[in-house]
Each structure stands twice: as C-alpha cells, then as structure tokens.
Amino acid sequence: PAPGRGCRRAPLAARVKVGSVMTRSPVTVGLDDDLAHVRDLFAAHGFRHLLVLAGGRLVGVLSDRDLLRALSPFLGRASERAQDLATLRRRVHQVMSREPVVVSPETTVAEAARLLFARRVSCLPGVADDGAVVGIVSWRDLLAALVTSG
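Residues numbered from 1 in each chain as written. Predicted model: local features only at pLDDT ≥ 70, side-chain atom pairs only at ≥ 80, totals over all residues. Heavy atoms only, no water.

Turning our eyes to something else, we now look at the sheet that holds strand β2 (residues 28-30). Spatially, the four strands line up as an open sheet ordered β2-β3-β4-β5, and their pairing is mixed. Each edge of the open sheet is held by one strand with a lone partner, namely β2 and β5 (97-98). Inspection of the sheet shows strand β3 (residues 49-54) paired to strand β4 (residues 57-63) by six bridges, in the antiparallel sense. Bridging from a neighbouring strand, Leu 50 pairs with Leu 62 of β4. Along the sheet, helix α2 (residues 35-45) makes contact with β2, β3 and β4, crossing β3 at roughly 135°. (Pairing = 2+ DSSP bridges. Helix = DSSP H or I, 4+ residues; strand = E, 2+ residues; numbered from the N terminus. Contact = heavy atoms within 4.5 Å. Axes fitted to C-alpha atoms, helices over the stretch in contact; angles between N-to-C directions.)

Moving on to the packing of aromatic side chains. Enumeration over the complete set of coordinates arrives at one aromatic pair. Consider the rings of Phe 42 and Phe 47, whose centres lie 6.0 Å apart with planes at 75°: the pair is edge-to-face. The class of Phe 42 is buried, set by a relative accessible area of 9%. (Phe/Tyr/Trp six-rings, centres within 6.5 Å; stacked < 30°, edge-to-face > 60°. Buried < 20%, exposed > 50% of the residue type's maximum accessible area, 1.4 Å probe, protein only.)

In this section: the pattern of salt bridges. Under the criterion given, the structure shown has four salt bridges. For Asp 66, the salt bridge is made with Arg 69, and the minimal N-O distance between the two is 2.6 Å. One end of the pair, Asp 66, and the other, Arg 69, are both in helix α3 (residues 64-70), three residues apart, so they sit about a helical turn from each other. Under the relative-accessibility criterion, Asp 66 is labelled buried at 9%. Judged by relative accessible area, which is 64%, Arg 69 ranks as exposed. (Salt bridge = Lys/Arg side-chain N within 4 Å of Asp/Glu carboxyl O.)

Attention now goes to α2. Among the residues making up α2, those that are buried are Leu 35, Val 38, Leu 41 and Phe 42. Viewed along the axis of α2, the buried residues span an arc of 115°, placing them on a single side of the element. Pointing more than 90 degrees away from the buried face of α2 are the exposed residues Ala 43 and Ala 44. Looking at the buried side of α2, the elements it contacts are β2, β3, β4, α3 and α5 (92-95). (Arc of directions from axis to C-beta.)

Taken in spatial order, the three strands line up as β1-β7-β6 in an open sheet, and their pairing is antiparallel. Each having just a single partner strand, β1 (23-24) and β6 (123-127) make up the two edges of the open sheet. Of the strand pairs in this sheet, β1 and strand β7 (residues 133-138) are connected by two bridges, and their pairing is antiparallel. Within β7, the residue paired with Thr 23 across the bridge is Ile 136.

This part takes up the nonpolar core. Ranked by size, the top nonpolar core spans 16 residues in total, and within it Val 29, Leu 35, Val 38, Leu 62 and Val 92 carry the most contacts. Mapped by element, the contributors of at least two residues to this core are α2, β3, α3 and α5. For this core, the element with the most residues is α2, which contributes four residues. With near-sequence residues (within four places) excluded, Leu 35 lies in contact with Leu 67, Ala 70, Leu 71, Thr 87, Leu 88, Arg 90, Arg 91, Val 92 and Val 95. Counting residues in hydrophobic clusters, the runner-up holds 14 residues, among them Met 22, Leu 116, Val 137 and Ala 145. (Core = buried A, V, L, I, M, F, W, Y, C linked by side-chain atoms within 4.5 Å.)

Take the side chain of Asp 66 next. At a separation of 2.6 Å, a polar atom in the side chain of Asp 66 contacts the side chain of Arg 69. Those residues in contact with Asp 66, other than ones at most four positions away along the chain, are Val 61, Val 95 and Ser 97. (Polar contact = N/O pair within 3.5 Å; in protein donor to acceptor, adjacent residues only side chain to side chain.)

Function cannot be inferred from these measures alone, as they are strictly geometric.
Structure below.
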C-alpha cells in the first residue's frame, strides 16, 4: 500500500543511522597531551568533546566541562599564581572519562538517543567493527537530524 494508506513507516529516528549524522574524522588527543593544548583545540574549533586515543584505539573522551573542572578558575586573572598555571600542565589521562559509551555507524538515531539519556553522556564516539574510530555524534547532532529531517 501507498504511504498513508494502511502502511505505517517507522519513525524517522528509527530509520536514520548515526553514520549519516556523525562528525567524521574527529579531532583527537593523546593520553599525555597537556591541558594547555586541549584548551587551545577547544578554543580553535568550538566543539565540546575530544576523543582520546592510545595506539590508534579509543581510550577515553574529554569534554569541555572536564577541562573547566580541571583548570584553575584564576587563570588569566590578576590573582593568577604559579599553581594556577600548573593546572595547564596536567595531562589528558588525569581528567578524561574512561570507558566511553560507543556506537556503530549503523546504530539508529533512536538507539543513540536512548544511550545518551540512559548513560548520562553528551556524545558517543563512532567505532567501526574493527575498533577504528570513525566519528563522533553528540546530542546536538541527533537533535539537528530530527529537526531538519522532519
């Protein structure tokens, strides 16, 4: 039957795959990169999450909120001290979230949204069957996909 005549289509979120809405080739950092480098990356690119790789494999996620919690609030102020500057020398492995929740590019937008909500995370790295990182999808990406496709 034609659409609308007894044939119901699955909701958009159940049809669209994460691979079609994720950011491909995301910017990544290493375990021993310092937070000054991370701060520069966030400032230069305007995104909110970095994937952490070790030996080419995903080992963590670092969010802009993780960075803000790790840095001294006195950086760049008149009251800045040497110990405040030292927070910029901390390493990614000291502040990242480990064991990230991941999705396949074939995961549906609906399932990705359920994972974000259930696991209380704001992004999901996209990982291929062989373990290679292929992208990242955030709650904003999922929402944009639903709003612009509906």
